[in-house]
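# Reading the structure
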Amino acid sequence: MKLVVAIVQDKDSNRLSNALVQEGFRATKLASTGGFLRAGNTTFMIGIEDERVHEVLNVIRSNCKVRDQLVSPVSPMGSTTDAYIPFPVEVQVGGAAVFVVPVERFEHF
């Protein structure tokens, strides 16, 4: 058994949730916040049999897309202004950060 932890952008959350249900996968959703852009994310925790991990990864891959976004950096508070970029910067956001970890024991009550 494995635990798949997928951190996805909020824009992809509903689409992924619906796709997981449609494919018969049960998941727990947690609200989370990214550290880089401080934007809303959703963390999915999915317990799955070893032989079905590739199926879950395919569903995640198909429903979480990388996109470009313009970000206006906030001015640094308390640090030097040398590193401050005063204009919007294009960065890639979205997609999914996925961790697949072994589960030593699973109980369901």
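My aim in this report is to walk through the structure given alongside it, one point at a time. A quick note: this is a predicted structure, and the numbers were derived from the prediction, not measured.

Cut-offs and rules
Going along each chain's sequence as written, the residues are numbered from 1 onward. pLDDT decides what is reported in this predicted model: residues at 70 or higher carry local features, side-chain atom pairs at 80 or more are listed and counted, and totals for whole chains, interfaces and linings draw on all residues regardless. Hydrogens are left out, water is left out, and the side-chain values use all remaining heavy atoms of the structure. Each helix is a run of DSSP H or I of at least 4 residues and each strand a run of E of at least 2, with the numbering of both proceeding from the N terminus. Partly exposed residues are those whose accessible area sits between 20% and 50% of the maximum for their type, while under 20% is buried and over 50% is exposed, using a 1.4 Å probe and protein chains only. Whether two residues touch is decided by their heavy atoms; if any such pair falls within 4.5 Å, the residues are in contact. Here the accessible surface of atoms and residues is derived via Shrake-Rupley with a 1.4 Å probe, and residues count as covered only by protein chains that are part of the display. Identification of polar contacts relies on pairs of N or O atoms within 3.5 Å, with a donor-acceptor requirement for protein atoms, meaning one able to donate a hydrogen and the other able to accept it, and with residues adjacent in sequence counted only if both atoms are side-chain atoms. Paired strands, in this sense, are two strands between which DSSP finds at least two bridges. To obtain an axis, a line is fitted to C-alpha atoms, over the contacting stretch when the element is a helix, and the angle between two such axes runs from 0 to 180 degrees between their N-to-C directions. Helices are assigned an expected span. That span is 1.5 Å times one less than the residue count.

### Some details on the overall build of the chain
Secondary structure assignment for the chain yields two helices and six strands. Counted from the first residue to the last, the chain has its helices and strands arranged as β-α-β-β-α-β-β-β. The proportion of buried residues among the 109 residues of the chain is 26%. In the chain, the proportion of contacts linking residues at least 24 apart, taken out of those at least 6 apart, comes to 69%. On the chain, roughly 7700 Å² of surface is accessible, and the fraction owed to carbon and sulfur atoms is 54%.

### As for the side chain of Asp12
Turning to its location among the elements, Asp12 is positioned in helix α1 (residues 10–22). Accessibility expressed as a relative area gives 0% for Asp12, which makes it buried. A polar atom in the side chain of Asp12 sits 3.4 Å from the backbone nitrogen of Lys65.

### Section: the pairing of strand β1 (residues 2–9)
Judged from the eight bridges that link them, β1 and strand β3 (residues 40–48) form a sheet pairing that is antiparallel. The residue bridging Gln9 from the neighbouring strand is Asn41, located in β3. Across seven bridges, the pairing between β1 and strand β6 (residues 96–102) is antiparallel. Looking at the pairing, Lys2 lines up with Pro102 of β6.

### Considering the environment of Val101
Mapped onto the elements, Val101 comes out in strand β6. Owing to a relative accessible area of 34%, Val101 belongs among the partly exposed residues under this scheme. Distance from Val101 to Leu3, taken between C-alpha atoms, is 5.2 Å for residues 98 residues apart in sequence. Sequence-distant contacts of Val101, defined by excluding residues within four places in its chain, comprise Lys2 and Leu3.

### Considering the sheet that holds β6
With antiparallel pairing, four strands are arranged side by side in an open sheet as β2-β3-β1-β6. A single partner strand is all that each edge strand has here, and the edge strands are β2 (28–33) and β6. On average, each strand axis in the sheet is tilted by 20° relative to the strand beside it, whichever way the strands run. Sheet contacts for α1: β1, β2 and β3; angle to β3, the most-contacted strand, approximately 25°.

### What to know about α1
Every α-helix carries 3.6 residues per turn, so stepping three or four residues along brings you back to the same face. Given a rise of 1.5 Å per residue, 13 residues ought to cover 18 Å, and the 19 Å separating the end C-alpha atoms of α1 matches this to within 8%. Following α1 by one or two positions, Gly24 adopts a phi angle in the positive range, close to 85°.

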